[in-house]
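# Structural characterization, general
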2 protein chains.
Amino acid sequence: MMRGRLLVNRLAVLFAALLAGVLAGPPVQAEDGYDLWLRYAPLEGEALERLRAVEPLVQTPHEGDPTVEIAKRELIGGLQQLRGIPGPPDPDGTGEKANFVLECESPEIAIGGSFSISRIGDATQILAGERIGCVYGVHALLRELGMGRALEDIALASAPVMPLRMLNHWDNPDGHVERGYAGRSIFDWWHLPQKLDRRMIDYARANASIGINGVVVNNVNARAFMLEPRYIAKMKRLADAWRPYGIRLYVSARFSAPRDIGGLATADPLDPAVAAWWRAKADEFYAAIPDFGGFLVKANSEGQPGPQDYGRSHADGANMMAAALGNRGTVIWRAFVYSEEDETDRAKQAYAEFVPLDGQFAENVIVQVKNGPIDFQPREPFHPMFGAMPDTKLILELQVTREYLGQATGAVYLGTMWTEVLGAETGRGGTVAQIVAPAGMAGVANTGSARNWTGTHFDQGNWYAFGRLAWDPSLSSEDIAREWVSQTFVREAEPRDRIVRSMETSRETVIDTMTPFGLAHLMATGHHYGPAPWVCDLPRPEWNPCYYHRADANGIGFDRTASGSDALSQYAPDIAAKWANPATIDEQYLLWFHHVPWAHRMKSGRTLWEDLVSSYGWAELEIRARIQGWEKLAPFIDDERHTAVASDLAIQLEEARWWRDASIAYWQSVNGLALPPGARAPEHDLEHYRSLEFPEAPGQ
Amino acid sequence: MMRGRLLVNRLAVLFAALLAGVLAGPPVQAEDGYDLWLRYAPLEGEALERLRAVEPLVQTPHEGDPTVEIAKRELIGGLQQLRGIPGPPDPDGTGEKANFVLECESPEIAIGGSFSISRIGDATQILAGERIGCVYGVHALLRELGMGRALEDIALASAPVMPLRMLNHWDNPDGHVERGYAGRSIFDWWHLPQKLDRRMIDYARANASIGINGVVVNNVNARAFMLEPRYIAKMKRLADAWRPYGIRLYVSARFSAPRDIGGLATADPLDPAVAAWWRAKADEFYAAIPDFGGFLVKANSEGQPGPQDYGRSHADGANMMAAALGNRGTVIWRAFVYSEEDETDRAKQAYAEFVPLDGQFAENVIVQVKNGPIDFQPREPFHPMFGAMPDTKLILELQVTREYLGQATGAVYLGTMWTEVLGAETGRGGTVAQIVAPAGMAGVANTGSARNWTGTHFDQGNWYAFGRLAWDPSLSSEDIAREWVSQTFVREAEPRDRIVRSMETSRETVIDTMTPFGLAHLMATGHHYGPAPWVCDLPRPEWNPCYYHRADANGIGFDRTASGSDALSQYAPDIAAKWANPATIDEQYLLWFHHVPWAHRMKSGRTLWEDLVSSYGWAELEIRARIQGWEKLAPFIDDERHTAVASDLAIQLEEARWWRDASIAYWQSVNGLALPPGARAPEHDLEHYRSLEFPEAPGQ
């Protein structure tokens, strides 16, 4: 019966959409994805009737406070939308007793964004220790209601597990986004500070709704001029706009700025003039932005300047900048370093450089460590630095933008990838989540000028999942997906859970498509779009896919055991012991740590070569199944977004075939093996795949 | 009384906007400008009552024809919106007699888009000679209704004056738009052909609404790979989507493509293998896109390859490619050429190269000539080629994107600029409009990924004006502005005409700000943002502002009389004679053609120096007045767009001061003159202005 009513509703919606979007001119409410998970589609059935009875009359002792006003407006607006009632609540009710109470300075609740939701008589009360907690509480309440829960049943208390929940934008001041696949930067530096794009408010609102509280506005490959007064004025406009949403602004700082723009002859961190320059620069920021978050620094990595240029350590550099900020802010220092000098194994360098510095970093320095030891590959083992620096605050860096996982094609959910690393036992003081909890999580943003923010609609779910996991890393990826789908696409259980199930397997499909069994870094040069395992002629060894797969006639994989680079020794002994043996290692890491023969016998009973070919084929079948499943969801999803996702999946299928065929053609050229019986031959020869060029591929 | 009712309506709208945009979550219908001039805001007062009485029941003998369906849907949708009735017309009325009849194959009407609108009894009939004429007719009808005219009073017949009404996109395949100030390209080559962005339909609809019928999808500085099959498939998807809207797709073709991608050793147009390659390439295009428009070519200009590389003429090159297309399409060959070799005067080169070729171009070649002889400066005299090639089809190239007129800041209407050149008497066979009428008009598009398409809301009006003038160059810029403002901002006469009046003077303000009295090319190097009259060290002489202004202690201006470069001799004798004399020339061209002393006595009675300083100051005052005027329009315009335009104007004022102060500081450094009494001194010294850098300025 629910289903029948839903279908009638759907038909009405489709009819309206037909008139609005096709028959008529501009649509009244295009489902273009701009609203993200904050659509607040009207409830249906009993849930609707229940909420209809509750007029959204809100009371708060903090009238006029900008943050509490945001909480209040969001609550009223969200409730009205869920109730299917456009416009304000019934004004006749304003004299009545409030149904919702926002108490945002409650001594019972900790500061830092914590809140509780409870029933007090007939009213729902949100308590928070500080004002932003009321914003978080309102979003939690609306999320529960949006999933169909009854107001009477909603009682919860929530506190953020991690203090820093931040996005890192790799956005350049000219609007180009490095590894951005959703158009241009959302930041309009050209027109700031005079003109503030509406997106800057909607962006803050979306972030606040999932608890994100910090934003680094520019690329870690930073331009020094963004520290100049002209840019501080632009950043001030952003910070002022974001402050009521609980978001602090951070800036990526180029380490050589004292030389680049400061007129100094050096950027040596131990030079007093350099320290004074940074101190004055920090003062300039704080004069404009009293809650300025601090500096993110990529130093001595991929050509960026750093303290090692002067024979100083990362700690020397970070501590000098941290002293400039003082207790006003934080230096976040990236551990993603690799240099040509280390000839043995790129995966080892960060650990080698940083672990000896444990305990030497200042109180307000955080070291930012990527989830794995290479670079955001579809699957990496957790980074060995986690657990190895007990006296240093470590923040976990994840990549929300899918540089290596299909960019902005297909539908790929990264929640499973992130819960995998967060749940990884380091063998040295707990899981990765436990180790980074005192610091936080940073995600490389996937936003852009695309109307739906993220290029594909499903990529919105990755932004959402990042925020939710940073708030509470114990959430399951499945629960997060369920929340997101309910708010974004469809609330009804059966179709919702079909989407959730396909999301849950989607990242594994990417691995099967590109880098099964611990392979890594097989993508094309530069734009990183598509397969290129054959590339072996780039000037630095570790830039080449062949450096990573090491395939030859005998076998494939990178020997990181004691007989090879011994990167395994960077892990806790019991973990290293388990992974050191090809017989006991989880096969998902096999070729990451071992060079094995093509005929290596897998747990399946087949050879590695057979399983490799099978993996590619399996991925293709899975995507086909996902396409068919998506087609069947047409009755539940608006035509505009349904069509867009169907196009994304069609592209993903083509790309999966391309990865499969190009990879197999290349491996065969190396190992000379015949295809396993029944396996389809690649559509073209290897030369064809090597010749493909994609000058339009974005994000380089 | 109208005013009172309007204000009540406005208050209701403001209240709704407050709730939708501020109080609540996502707005129901954000006024973000995406709908362009196709907003169809509900009518008010009597006009609303009149139209409410007319149910939009439409009859046509062409049911199912894609183009006529578009006309019908647009008519029904537009009428319903104007009537303030969301959704479809009353279904009970479907059996009744139609109130609107679309007859789209009428033998009474010429083909090419012509239409008539008349009353037949109680019905309104649109007649067209071919189907697209019904789309144009519907838009004309809605435009009239949208301006408040009564249905009974609307009777008109309209035929396009020019056959080709086209946009040229300087969009690169990687999404960067050369001289684009509204974000990234609207064309998503990466995801085409599988994914068609909704914008591609809305773009076609907007173009069709103003009669645009051709689109060149890529930059004239073309990449050869866009002629490869992979791209033809992408273009086919676009062409298929645009066909029902009457839009033909053209491509910019790199002249050296036979060498670049064809494997030939030469691109010599007289080489039979080259001709055969282009013939086969054209066949490939027509196999995919039967109505493919043809090739736009920038040859032997700014480093682009061309026939002169092989000692051949422009006609040799164009005719060879035209033969490849045959009667299926057109080669459009740009006359914008200049090369280092011509040391005397860049303004002369196009005429010198092309006029001797008059009569030598094939039937399906059109030569595309910019409005003036240099490059889209705020004011140039008309190009001397107009009228000088009676046996060659010439198309007029205008720049809709404001490369040299403020880019995407401020509010600048270019209608007045274009009617100025269209109305210019060439002295050789009529006005520019009359000379290009057999071919058409091409506009360099100002579209981008910005939500409002054009970066500023007012720049939408330039896209609109371009289309309307290409349809009918006899329209006045003021009438076009009135149409556009009615549809876009406000219909009520008094506020509407205040906006129209400020639009009408806005381009003159830009000239006063940047290049008064015939000055030109004073902008910064590269991005062309802001003033840099001091630049004099670029390797090619004609890249330097100093080449154009030739200012020294004695005077300023470029002598193009017989005593100088004699560019004047390229004009018809009576025009040349009038302009040869500083006493008779219109002072708006004075420094374009003459080098005169700073103390040259102007018609105002003051010296040139005094008038120059006064011009800058006047521009600043005008912008201040425009800002105040805009503030007063707040009650009539939605808050979102009102705020955005106010920000644009605030930036324009800052930029006007910058242009004034930097220019005066520089001229004073050259002429050593004191400021006229009462004139404000520049805020900073010249070194300051020379030191400014804007790495974030877009569009280079």
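Scroll up to find the structure.
Residues numbered from 1 in each chain as written. Chains lettered and ligands numbered in written order. Predicted model: local features only at pLDDT ≥ 70, side-chain atom pairs only at ≥ 80, totals over all residues. Heavy atoms only, no water.

## Things to note about the overall build of chain A
- Looking only at helices and strands, chain A has 21 helices and 15 strands in total.
- Against the 2.2 N^0.38 benchmark of 27 Å for 700 residues, chain A shows a C-alpha radius of gyration of 26 Å, consistent with a compact globule.
- Summarising its shape, the C-alpha atoms of chain A cover approximately 80 × 70 × 50 Å along the three principal directions.
- Taken across its 700 residues, chain A has 65% of its residues classed as buried.
- Put simply, of all contacts in chain A between residues at least 6 apart along the chain, 73% involve residues at least 24 apart. (Helix = DSSP H or I, 4+ residues; strand = E, 2+ residues; numbered from the N terminus. Rg over C-alpha atoms; globule rule 2.2 N^0.38 Å. Buried < 20%, exposed > 50% of the residue type's maximum accessible area, 1.4 Å probe, protein only. Contact = heavy atoms within 4.5 Å.)

## Quick notes on the side chain of R346 of chain A
Residues and elements named next belong to chain A.
- Its location among the elements puts R346 in the loop between β10 (330-334) and α10 (349-354).
- Buried and without a salt bridge, R346 has D375 as its closest oppositely charged side chain, separated by 4.0 Å.
- In this view, R346 contacts F336, Y338, P373, I374, D375, H521, E542, Y547 and Y548; residues no more than four positions away in its chain are not counted. (Lys, Arg positive; Asp, Glu negative; His and termini not counted. Salt bridge = Lys/Arg side-chain N within 4 Å of Asp/Glu carboxyl O.)

## As for the sheet that holds strand β4 (residues 123-128) of chain B
All names here are of chain B.
- On the basis of which strands lie adjacent, the open sheet formed by five strands has the order β1-β2-β4-β3-β5 and mixed pairing. Edge positions in the sheet fall to β1 (58-59) and β5 (156-158), since each of these pairs with one other strand and no more.
- Sheet topology places strand β3 (residues 115-120) next to β5; three bridges connect them, and they run antiparallel. From the neighbouring strand, S116 faces β5, where its bridge partner is A157. (Pairing = 2+ DSSP bridges.)

## A few points about the interface of chain B and chain A
- Chain B puts 57 residues into the contact, and the matching count from chain A is 58 residues.
- Both sides together, the interface formed by chain B and chain A hides about 4,700 Å², and carbon and sulfur atoms give 59% of it.
- Remark: the boundary between chain B and chain A carries 10 salt bridges.
- The partner of K234 of chain B in a salt bridge is E696 of chain A, and the shortest N-O contact between them spans 3.9 Å.
- The tally of links from chain B across to chain A stands at 14 residue pairs in polar contact (both at pLDDT 80 or more).
- If you list the elements that add at least two residues to the side of chain B that touches chain A, you get α1 (2-23), α3 (66-82), α5 (198-209), α6 (229-242) and α20 (639-671) of chain B.
- At six residues, the largest contribution of residues to the side of chain B that touches chain A is made by α20 of chain B. (Buried area = accessible area lost by both parts, 1.4 Å probe. Polar contact = N/O pair within 3.5 Å; in protein donor to acceptor, adjacent residues only side chain to side chain.)

## A look at the sheet that holds β10 of chain A
Residue and element names in this part refer to chain A.
- Strand order around the closed barrel formed by eight strands is β6-β7-β8-β9-β10-β11-β12-β13, with parallel pairing between neighbours. This sheet shows a mean twist of 25° between the axes of neighbouring strands, independent of strand direction.
- Across three bridges, the pairing between strand β7 (residues 214-216) and strand β8 (residues 248-252) is parallel. Bridge pairing in β8 places V216 opposite Y250.
- Against the sheet, helix α11 (residues 415-422) makes contact with β12 (394-399) and β13 (440-444), and its axis sits at roughly 155° relative to β12, the strand it touches most. (Axes fitted to C-alpha atoms, helices over the stretch in contact; angles between N-to-C directions.)

## Some remarks on the relation of the copies chain B and chain A
- Note on the copies: chain B fits chain A at an RMSD of 0.0 Å, the axial shift is 0.0 Å, and the rotation between them is 180°. Taken together, these values place the two copies in the relation of a two-fold axis.
- Most of the interface of chain B is mirrored in chain A, where 100% of its interface residues again form contacts. (Least-squares fit on C-alpha atoms with pLDDT ≥ 70 in both.)

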